[in-house]
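Coordinate analysis (summary)
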Amino acid sequence: MVSERKVGSVLVVGGGIAGMQSAIDLAESGFKVYIVEKSPSIGGHMAQLDKTFPTNDCAMCTLAPRMVDVGRHINIERLTYSEVVAAHGEPGRFEVTIRKKARSVDPEKCTGCGECTLHCPVRYEAYYPSLDVVEPELMHEDWEKVNTILNRYLHRRAPLIPVLQAINAEFNYLPENILYYVSRRLDIPLAHILRVATFYALFSLKPRGKHVISVCQGTSCFVRGADRVLERFQEVLGIGVGEVTQDKEFSLEVVRCLGCCALAPAIKVGEQVYAGVQSKGVEEILKGYTSR
Amino acid sequence: MIANDPHTIFVCQGTGCVSLRSSAIQKALEQEVETAGLAGSVQVKLCGCHGFCEQGPLVAIEPEGFLYTHVKAEDAPQIVREHLRDGRPVERLFYRDPLTRSAVPYYHDIPFYKKQMRLIMRNCGHIDPERIDDYIDAGGYEALRKALLEMTRDEVIEEVSRSGLRGRGGAGFPTGRKWAACRRAPGEPKYVICNADEGDPGAYMDRSILEADPHSIIEGMVIGAYAIGASYGFIFVRAEYPLAVDRLRIALRQAEERGFLGDNILNSGFGFSIDIDRGSGAFVSGEATALVASIEGWSGEPRPRPPRTAEAGVWGKPTNINNVKTWAKVPLIIERGAEWFASIGTEHSKGTMVFSLSGKVRNTGPVEVPMGTSLRSLIFDIGGGIPGGKALKAVQTGGPSGGCIPAELADVPVDYERLTELGSIMGSGGLVVMDEDTCMVDVAKYFLSFTMQESCGKCVPCREGIRRMHEILVDITEGRGQEGDIELLEQMGETIIDASLCGLGGSAPNPVLTTIRYFADEYRAHILEKRCPALACKSLVSYYIEPSKCQACQICLRSCPVKAIGGGKDQVHVIDQAACTRCGTCFEVCPPRFGAVTRLSGMPVPVAPPLEERLVARAR
């Protein structure tokens, strides 16, 4: 029998987008709703998405109003930083045990300014997958090189970028376990380091070939047929842009202007610049670098 | 007798000439001077970019001013023995006028140099950038002495303001006013920055100056720092310019040794030091706030303004940022006076402008001309015109933020105001010449793909808008254009300009909007007729072998990478259109005397003649 009168209350487990929408719908239809979320805040993973299928709507635009609604609905009680330990009973009469974790912050007074996270002496070490799986073993000398680089720049007020540049130059890329180490030595969160490392074109997070070929795609080179030169490199090496040949000898990259526009099209192999490169000259250049 | 006079051989070691192995030439010359026993009177020195990169590697003999072009290491013995020992210059290596074919021995007679007004490039190619004494002998650091010892801070700012100098990075903001704002802003210490993050593709004059005359920039910065009251400076150099960084390091060390940098410069009590910061390959870091973020160790993303960097720049302190060329002009203004500088140029744009001339033009290289020089004069008088007898189609100024100016408007005098009127910008000075083979839709697409990749992604109009515009352009160039696309592009472009956070997005649609403004016919041909008038857009072009011209030489047949060409010995070749990838190899390899391979666009490919008619009759 379905009664017209709403009685009892509902528990929603999980404060992601689905949980929040359920909580709002239920609360709007007159139920008292408890929403349990194990992390310190409702919201879930949606905030990490750029946009959502199938409408390509901005994720935050969908998420934020619901967070606000859940946050101030008088019929919704939020139990964040809490986990369900046990549930007993049957539909209509459940009894649930919830463990509330210690937050050490008075949620009534907190304005969410975030100041405390900046001053906390304990750094939250970000999850970093497959540390020992992908990484080549680093030799003792390699660590010494890293330490030398770090010591050279530690005194600087903003040491991160010069350190990354030096490591990138030394190893041809930024090995993951070194970044992990740099994070601890410089006391900079890994997330920040990765943000910087992925922002700039100079840094590579993947190992590169012994000889890095950079084909200039600046305007002058473009006007003088650099795309054909690039195509030829792809054909001859059998790899695409950003890839490494199987024998680890070459990697192919594009660069935005080497400043050699007067002698376009230009390319760079390692630090050596070649000017006026024609697509038919590609094999000749490569010949100079093949160890065979 | 020439042999006993002291001579200096300058071997160009700018990036262009280095890529043509000029360091080997210098070594060969040094050795040759030694063996010829001329070491007492002849010096071999390196120098920065002469500007005439197309003719490189370049070797100049001073004090007469001989210029040798396309020099190879093997030419060293002849240059040293015949010219320096016996006094007979090597005519074979002189520059040849492309029209008259006559040899020009001295660089000051070559039209490329004669028509220029080299002020900040006065030392480029004439001093050794790695020796401070060369710079001092050329009058260097005199302006610093004058500013520090004879002028007050206000007088220096006043002088720069009166000269009418405007920022050479692109926006053209009056330099004096910028300095005054930073001087007034509360906060200590203050910083000055030299923006050498020359990111515009097609622009490389900053690099040339950094490599050829680094001290002029340092001197300008010290004068500026004195006027503003700054105690620290940064030179922010692009990652792609390792040679410039090396030369700057040497120059900074030497300047410090001589007391032009340090705690007590020239005993004036003023202290200032400079650090080099290297970029890491992000176009947007050239934007002032992004540059500051980069120096502070963050990812180089711009932030909304205000506050301006003059009030809150590096670590929240007042910071003055100027372009390389702006700093290099400062010593000249102090030394020769504001009135002299203001007498050059046009009403609102004073002094000279350095352009890097490149693309489809005969003489490429950085050139310096007074403001108000016409594009035509730049391209034809200095640039020597378009190679291959092709016609000028358009000139692109200002890099990805600029626009394309059509050939009809080439007579307009170039200054900040005129270029803005034409829908383009001055930018930092990139000037790419395009001829009739360049498709303007393709060019617009190229620039958008650049800004699309370089957009930092912080604000939506730039990140999403440019991507969508690029998609539309890809569709147009691949034959999927629709009516209404032009209007849509215009509408989106204007929205992106209005709504973007920084200058990158705020100017990114310019190449599209100017090409629509001046070359709308070309867009329409792509959209309505599926035709590329410049025969550049791959998807709209077919290659076709003219049966009446084909001599069955089999060159194209063998070169085709996908074996799409049929036929054989004595049999006219035919391209299998279904297999053809339109790579253009056949078009390139077909001997010019046959010229049988043609490109067609917007029309069906004629059916090949039947097999029996394909025989090529040859006279025996």
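Residues numbered from 1 in each chain as written. Chains lettered and ligands numbered in written order. Predicted model: local features only at pLDDT ≥ 70, side-chain atom pairs only at ≥ 80, totals over all residues.

The next subject is the overall build of chain A. Helix and strand counts for chain A stand at 11 helices and 11 strands. Radius of gyration (C-alpha) of chain A: 28 Å, far over the 19 Å computed for a compact globule of 292 residues. Dimensions of chain A, computed from C-alpha atoms along their principal axes, come out at roughly 85 × 45 × 35 Å. Across the 292 residues in chain A, those meeting the buried criterion constitute 28%. In chain A, the proportion of contacts linking residues at least 24 apart, taken out of those at least 6 apart, comes to 58%. (Helix = DSSP H or I, 4+ residues; strand = E, 2+ residues; numbered from the N terminus. Rg over C-alpha atoms; globule rule 2.2 N^0.38 Å. Buried ≥ 20, exposed ≤ 12 C-beta atoms within 10 Å, placed from the backbone. Contact = placed C-beta atoms within 7 Å.)

In this section: the overall build of chain B. Scanning chain B from N- to C-terminus turns up 23 helices and 19 strands. By the compact-globule yardstick of 25 Å for 620 residues, chain B fits well, its C-alpha radius of gyration being 27 Å. With the C-alpha coordinates of chain B rotated into their principal frame, the extents come out at 95 × 70 × 40 Å. Relative to its 620 residues, chain B shows a buried fraction of 55%. The long-range share in chain B, meaning contacts at least 24 apart out of those at least 6 apart in sequence, stands at 72%.

Every contact between the two is made by 40 residues of chain B and, on the other side, 31 residues of chain A. Elements supplying a minimum of two residues to the side of chain B that touches chain A: α1 (15-19), β11 (352-359), β15 (430-435) and α17 (440-454) of chain B. For the side of chain B that touches chain A, the leading source of residues is α1(B), giving four residues. Looking at the side of chain B that touches chain A residue by residue, the class counts come to 16 nonpolar, 17 polar and seven charged. (Nonpolar A, V, L, I, M, F, W, Y, C, P; charged D, E, K, R; others polar.)

So, on to the packing of helix α6 (residues 142-150) of chain B against helix α10 (residues 214-228) of chain B. Residues and elements named next belong to chain B. With their axes 9 Å apart at the nearest point, α6 and α10 run at an angle of 10 degrees to one another. Taken together, α6 and α10 sit at an angle that is classed as roughly parallel. In this structure, α6 uses A143, L144, A147 and L148 to contact α10, whose residues at the interface are E219, V222, I223 and Y226. For the contact of α6 with α10, the class distribution of residues is seven nonpolar, no polar and one charged. (Axes fitted to C-alpha atoms, helices over the stretch in contact; angles between N-to-C directions. Parallel < 35°, antiparallel > 145°, perpendicular 65-115°, else oblique.)

A separate point is the environment of Y68(B). All names here are of chain B. You can see Y68 is positioned in strand β4 (residues 66-68). Take Y68: there are 26 C-beta atoms within 10 Å of it, and that puts it in the buried class. The residues touching Y68, leaving out its near neighbours within four places in the chain, are L58, V59, I79, V90 and L93.

On to the nonpolar core, then. Counting 221 residues, the largest nonpolar core has C216(A), A266(A), L29(B), V59(B), I209(B), V222(B) and I223(B) as the members making the most contacts within it. The biggest single contributor to this core is α10(B), with nine residues. Apart from the residues lying within four places of it in its own chain, the contact partners of L29(B) are I9(B), V11(B), V44(B), A76(B), I79(B) and V80(B). (Core = buried A, V, L, I, M, F, W, Y, C linked by C-beta atoms within 7 Å.)

Moving on to the domain arrangement of chain B. How big an interface is tends to be reported as the loss of accessible area on association of its parts. Looking at the assigned domains, one finds that chain B contains domain 1 (2-114), domain 2 (132-342), domain 3 (352-435), domain 4 (440-528) and domain 5 (540-613). Inter-centroid distance (C-alpha atoms) of domain 1 of chain B to domain 5 of chain B is 46 Å. (Domains from an automatic or database assignment.)

Our focus in this paragraph is the sheet that holds strand β9 (residues 273-278) of chain B. Residue and element names in this part refer to chain B. Strand order across the open sheet formed by four strands is β9-β8-β7-β10, with parallel pairing between neighbours. A strand with exactly one partner marks an edge of an open sheet, and here the two such strands are β9 and β10 (319-323). Shown here is a sheet whose adjacent strand axes are inclined to one another by a mean of 20 degrees, direction ignored. Both strand β8 (residues 232-237) and β9 contribute to a ladder of six bridges, which runs parallel. The partner of V237 across the bridge, within β9, is R278. The strands touched by helix α13 (residues 324-336) are β7 (191-196) and β10; relative to β10, the strand with the most contacts, the crossing angle is about 95 degrees. (Pairing = 2+ DSSP bridges.)

Our focus in this paragraph is helix α8 (residues 175-184) of chain B. Working note: α-helix, 3.6 residues per turn, so residues spaced by three or four point in the same direction. Those residues of α8(B) that sit buried are T175(B), G176(B), K178(B), W179(B) and C182(B). Take α8(B) and look down its axis: the buried residues cluster within an arc of 160 degrees, on one side only. (Arc of directions from axis to C-beta.)

The next subject is helix α15 (residues 375-382) of chain B. All names here are of chain B. Considered for burial, the residues of α15 that qualify are L375, L378, I379 and I382. Along the axis of α15, the buried positions cluster into a sector of 120 degrees, meaning they face one direction only. Packed against the buried residues of α15 are α4 (111-114), β11, β12 (365-370), β13 (392-397), β14 (403-406) and β15. Two residues or fewer past α15, G384 is found with a positive phi of approximately 75 degrees.

The subject of this paragraph is the packing of helix α7 (residues 153-163) of chain B against α10(B). Residues and elements named next belong to chain B. Two elements in contact, α7 and α10, have axes whose closest approach is 7 Å; the angle formed by their N-to-C orientations is 120 degrees. Relative to α10, α7 is oriented oblique. In the crossing of α7 with α10, the sense of the turn from one axis to the other is left-handed. Residues R153, V156 and I157 of α7 lie in contact with α10, whose contacting residues are I223, Y226 and A227. Class assignment for the residues of the contact of α7 with α10 results in five nonpolar, no polar and one charged. (Left-handed = near helix turned anticlockwise from the far one by under 90°.)

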